[in-house]
Structures are given as C-alpha cells and as structure tokens.
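# Close look at the chain arrangement
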Amino acid sequence: MASASLQFFAFILALFGVFGDIAATLLPNWKVNADVGSNIITAITQMQGLWMDCTWYSTGMFSCTLKYSILSLPVYIQAARSTMVLSCILSAFGICITTVGMKCTRLGGDSNSKNNACFAGGICFILAGIFGLVPTCWYTREIISNFLDQTIPESSKHEPGGAVYTGFISAGFLLIAGVIFCSSCFKRQQGAWIYPPKQHHFPSTEQESNAGYSLKDYV
C-alpha cells in the first residue's frame, strides 16, 4: 500500500513536471529586459523566448514576433529548442507508460510486467528531467555572462525570466518522479532476489506406496 501511494505521489509530481515543461517551452519570457527610461509612460518590457520575441508597453499594447529563421539563431537557443521538445516528448511517454505500470491501476497484466513498465516510465522521466535541465542551465549561463560583460550596453542586457525558473522546477519534479518510480521497482525486484520462494519437496507416490507394505505381507 505504501509503494502504491508513493507511486501515485510520484505520478502527481510528474504531471506537474510535464505541464511545467510544456509551459516553459512555449513561454516567451526566457530572458527579460525592462527599460523604464526617463518617463514611466514610455516604459518598455522586452521578452525573448525560444520561439518568439515579445514587447510589452506600459500603455497596455503587446506585440510579438516569431523567430522564423533557425540558422540565424545562436547555438544555445537552437540546442534549447531541440532538448526542450525532447523533454516534453519523453515526459509524455513516461506518463503513458507509468499509467499502465502503477500498482493502483488495473492495466499492464501481471506484477512483473507492471514493474517493468514502471521502471521504463521512471527512466523516461529521468531523461526528460536531464533534457530539461541542460538548456535552462546553458541559457542562464549565457544570460549571466552577457549581463556581466562590460562591453555590452545596459540596454542590451537581460535577466532570467519566469520561463527559466519554470524549466528548473519542472526538471526537478521529473527527476524526483523518475527516481521514485525506479527505486520502487528496484526494491521489489531486489526483495525477490534476496528471498526466493521456498520450494516444497514432496515424497514421490512410489515411495509412499512402498512404505505402505509391511513385512508380514511377504510371509
């Protein structure tokens, strides 16, 4: 029962990780630059994401521009695109597989098959967490290095946006969920290896039949 509740908790964490991973991939605020200027009425907030760049004006206007050209993008943005998409796909596969393998569901057949499905889903979550953590760390490093560079003007410097923090948290949720799923399956398999089922040896019917005769039957 404890293992089933732990798997259900890991499944909830994985759901939050999947939704956060998709949101971080689509959000345009991976890095933000707020330019207030001399007048707050003309304040502009510039946001850059993986797929589009958006500008928000203090007057309430909001405009976005899609990034159509892939080759013109920096390497870290191209890598972030591919790895975040892979993270979303792997986490979605993990949700489908663990739904079959969890103990609280009636899918997946016998216990051995459910354990294998649960372990495979945990591996998918771990890989999805790694693929989601690498681009967020790389993107954050580029933002910080540009921010500390003295040759770059202040108007071109940015700070990490909400999508980066969402990506960090989602990757953490996916990693924790994957470790819980894998460890729960490993413990049950290890228990089966350490304590194998006892084999009961029964005497053969031939011996029992021979033991049933007494010596006086041969006299």
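Owing to the predicted nature of the structure, the values given are computational and were not obtained by experimental measurement.

On to the confidence of the model for the chain, then. Considering every residue of the chain, the mean pLDDT works out to 81; 79% of them sit at 70 or more. Helix α5 (residues 205–211) is the least confidently modelled element of the chain, averaging 48 in pLDDT, while helix α2 (residues 75–101) averages 92, the highest of any element. Low pLDDT, under 50, characterises residues 189–195; the stretch is placed with three contacts to residues that sit more than four places away or in other chains. Confidence drops under a pLDDT of 50 for residues 205–209, and excluding neighbours within four residues, the segment shows one contact in the predicted structure.

What follows concerns the packing of aromatic side chains. Counting across every chain of the model gives four aromatic pairs. Ring geometry for phenylalanine 16 versus phenylalanine 173: centroids 6.5 Å apart, planes at 55°, classification tilted. Residue phenylalanine 16 is found in helix α1 (residues 2–26), and its partner phenylalanine 173 is found in helix α4 (residues 162–194); the two are separated by 157 residues along the sequence. Judged by relative accessible area, phenylalanine 173 falls into the partly exposed class, the value being 28%. When the ring of phenylalanine 125 is compared with that of phenylalanine 181, the centres are 5.9 Å apart and the planes differ by 35°; the resulting orientation is tilted. Of the two residues, phenylalanine 125 is situated in helix α3 (residues 111–148) and phenylalanine 181 in helix α4; the sequence distance between them amounts to 56 residues.

Procedures and definitions
- Here the residue numbers are simple positions, counted from 1 along each chain's written sequence.
- The model is predicted, so local features are restricted to residues of pLDDT at least 70 and side-chain atom pairs to those at 80 or more, both for listing and for counting; the totals for chains, interfaces and linings are taken over all residues.
- Only hydrogens and water are set aside when side-chain values are computed; all heavy atoms of the structure are taken into account.
- For every residue, the predictor assigns a confidence score, pLDDT, that lies between 0 and 100.
- By definition, any uninterrupted DSSP run of H or I lasting at least four residues is a helix, any uninterrupted run of E lasting at least two residues is a strand, and each is numbered from the N terminus.
- In this analysis, two residues are considered to be in contact whenever any of their non-hydrogen atoms come within 4.5 Å of each other.
- Planes of paired rings set the category: under 30 degrees apart is stacked, over 60 is edge-to-face and the rest tilted, where pairs are Phe, Tyr or Trp rings (Trp by its six-membered ring) whose centres lie within 6.5 Å.
- Burial here depends on accessible area, computed with a 1.4 Å probe over protein chains only, as a share of the maximum for the residue type. Under 20% is buried, over 50% is exposed, and the range in between is partly exposed.

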